[in-house]
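Reading the structure
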Amino acid sequence: MKWKTVKLGDVLRVRRVRVEIEPDQDYKLVTIRMRHNGLAIRSVVKGATIGSVMSRIHSGDFLM
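What you see is a predicted model, and the numbers here were worked out from it, not measured in a lab.

Rules of the game
- Residues numbered from 1 in each chain as written.
- Predicted model: local features only at pLDDT ≥ 70, side-chain atom pairs only at ≥ 80, totals over all residues.
- Heavy atoms only, no water.
- Helix = DSSP H or I, 4+ residues; strand = E, 2+ residues; numbered from the N terminus.
- Buried < 20%, exposed > 50% of the residue type's maximum accessible area, 1.4 Å probe, protein only.
- Contact = heavy atoms within 4.5 Å.
- Areas by Shrake-Rupley, 256 points an atom, 1.4 Å probe, with all protein chains shown as cover.
- Lys, Arg positive; Asp, Glu negative; His and termini not counted.
- Charge placed at Lys NZ, Arg CZ, Asp CG, Glu CD.
- Pairing = 2+ DSSP bridges.
- Salt bridge = Lys/Arg side-chain N within 4 Å of Asp/Glu carboxyl O.

What follows is about the overall build of the protein chain. Along the backbone of the protein chain there are one helix and four strands. Of the regular secondary structure in the protein chain, the N- to C-terminal order runs α-β-β-β-β. C-alpha extents for the protein chain along the principal axes are approximately 55 × 25 × 20 Å. Put simply, the protein chain has 64 residues, and 11% of those count as buried. When contacts within the protein chain are restricted to residue pairs at least 6 apart in sequence, long-range pairs at least 24 apart make up 40% of them. Surface summary for the protein chain: the accessible area is close to 6,300 Å², and the carbon and sulfur share equals 53%. Taking the average location of the 13 positive side-chain charges in the protein chain and that of its 6 negative ones, the two points are 14 Å from each other.

Let's shift gears to the pairing of strand 2 (residues 26-32). Note that strand 2 and strand 3 (residues 39-46) share seven bridges and pair antiparallel. Its bridge partner lying in strand 3, Lys 28 is registered against Val 44. Hairpin connection from strand 2 to strand 3: six residues lie between these consecutive antiparallel strands, with Arg 35 at a positive phi of about 60 degrees.

Quick look at the pattern of salt bridges now. The final tally for this structure, using the stated rule, is two salt bridges. A salt bridge links Arg 15 to Asp 61; the shortest N-O distance between them is 2.4 Å. Residue Arg 15 is found in the loop between helix 1 (8-11) and strand 1 (17-19), and its partner Asp 61 is found in the segment after strand 4 (54-56); the two are separated by 46 residues along the sequence.

Written as structure tokens, this is what we have:
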């Protein structure tokens with residue numbers, strides 16, 4: 001079987017769903033594990049401790 005080389009932009013699209021952070025709500029922060037070991041929840045924090053803009057991710061999203 002011969003594989004065709006394509007650009008990522010030809011098969012994926014960038015989607016950023018910004019989250020308005022609520023100070024009293026809990027948020028799960030994820031990290032990407034090394035060596036193809038997938039995603040993991042890094043921590044669960046209160047919104048008041050988050051100092052940057054966050055994006056929502058959904059099942060099926062491709063993160064890099």
